[in-house]
Amino acid sequence: MRPRLIIDGYNVIKALDELRIKEDISLEAGRQALINRLASYKTAHPGVDITVVFDAAGAPDSGWGTEQTKIRSLKIIFDRKCADSRIKKIVETSSNPRAITVVSGDKGITIYARGLGAKILSPAELFQRLKTSNRVGRNQVIKTDKPLPGTAQAREIDQELKQ
């Protein structure tokens, strides 16, 4: 199974100043800023599947289409009930939770996912990885070979991405 990142969308946006500033303009601007960063990362790391889960409980149609959609090679899920539950279910039903890395600052999600064998990254650790994928021009990405600062888990993910 390919490495898979499961991103707790609004949790990551609210945890990172650069994205939170965009969200202050509008939810759409915050989502788009996160998706743009992740799409650049995906271009540099095509072997990694990326899923972003957003809460959409009680929200009117976002204009992003159906509950699940593909945007710039990313799987985007708008859960009308609870993004946290959807993330837990993705890990729970995976045939190989060890291939999954959950990105969230929500302790309920991270404790549950870690208990099933998934790796965990904080939003700040994700942001460090996104910084290594520097976009050049509109569609080109440079991948740096510099080691990233972070935890042992972060180094494990970097190793998986190289395989």
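Analysis parameters
Residues numbered from 1 in each chain as written. Predicted model: local features only at pLDDT ≥ 70, side-chain atom pairs only at ≥ 80, totals over all residues. Heavy atoms only, no water. Helix = DSSP H or I, 4+ residues; strand = E, 2+ residues; numbered from the N terminus. Buried < 20%, exposed > 50% of the residue type's maximum accessible area, 1.4 Å probe, protein only. Contact = heavy atoms within 4.5 Å. Areas by Shrake-Rupley, 256 points an atom, 1.4 Å probe, with all protein chains shown as cover. Pairing = 2+ DSSP bridges. Axes fitted to C-alpha atoms, helices over the stretch in contact; angles between N-to-C directions. Parallel < 35°, antiparallel > 145°, perpendicular 65-115°, else oblique. Left-handed = near helix turned anticlockwise from the far one by under 90°. Nonpolar A, V, L, I, M, F, W, Y, C, P; charged D, E, K, R; others polar. pLDDT = per-residue confidence, 0-100.

## Topic: the overall build of the protein
A count of helices and strands for the protein gives seven helices and eight strands. By residue count, 44% of the 163 residues in the protein fall in the buried class. Pairs at least 24 apart in sequence give 56% of the contacts found in the protein among residues at least 6 apart. Summing over all exposed atoms, the protein offers an accessible surface of approximately 8700 Å²; the carbon and sulfur share of this is 51%.

## A word on the side chain of Glu23
By the secondary structure assignment, Glu23 is in helix α2 (residues 17–25). Among the residues examined, Glu23 registers a relative accessible area of 13% and is labelled buried. Apart from residues no more than four positions distant in its own chain, Glu23 is found in contact with Tyr10, Ile13, Lys14 and Gly30.

## So, the pairing of strand β4 (residues 74–79)
Here β4 lies mainly inside the structure; five of its six residues are buried. When strand β2 (residues 49–55) meets β4, the two strands line up parallel, connected through five bridges. Each residue of the ladder has a partner; that of Asp55, found in β4, is Asp79.

## What to know about the packing of helix α3 (residues 27–44) against helix α6 (residues 123–131)
The relative placement of two packed helices comes down to the angle between their axes together with the axis-to-axis distance. The N-to-C vectors of α3 and α6 enclose an angle of 55 degrees; their axes lie 9 Å apart at closest approach. Between α3 and α6, the interaxial angle falls into the category oblique. In this structure, the crossing between α3 and α6 has a hand that is left-handed. From α3, Arg37, Leu38 and Tyr41 reach across to α6, where they touch Leu126, Phe127, Arg129, Leu130 and Lys131. For the contact of α3 with α6, the per-class residue count stands at five nonpolar, no polar and three charged.

## Things to note about the packing of α2 against α3
Across the interface, α2 lies against α3 with an axial gap of 5 Å and an inter-helix angle of 145 degrees. Only Leu27, Ala29, Gly30, Ala33, Leu34 and Arg37 of α3 make contact with α2, whose side of the interface consists of Glu18, Leu19, Lys22, Glu23 and Ile25. Its residues assigned to classes, the contact of α2 with α3 shows six nonpolar, one polar and four charged.

## Brief notes about the environment of Arg20
Position of Arg20 relative to the elements: it lies in helix α2. Given the relative accessible area of 29%, Arg20 is considered partly exposed. The spatial distance from the C-alpha of Arg20 to the C-alpha of Leu34 is 9.8 Å, given a sequence separation of 14 residues. When sequence neighbours within four positions are dropped, the list of residues in contact with Arg20 reads Ile13, Lys14 and Ala15.

## Details of the confidence of the model for the protein
Across the protein, the average pLDDT comes to 79, with 73% of residues at 70 or higher. Looking across the protein, the model is least confident in strand β8 (residues 140–143), with a mean pLDDT of 39, and most confident in strand β5 (residues 100–103), with 97. This model gives residues 134–155 a pLDDT under 50, and the stretch forms 32 contacts once residues within four places in sequence are excluded.

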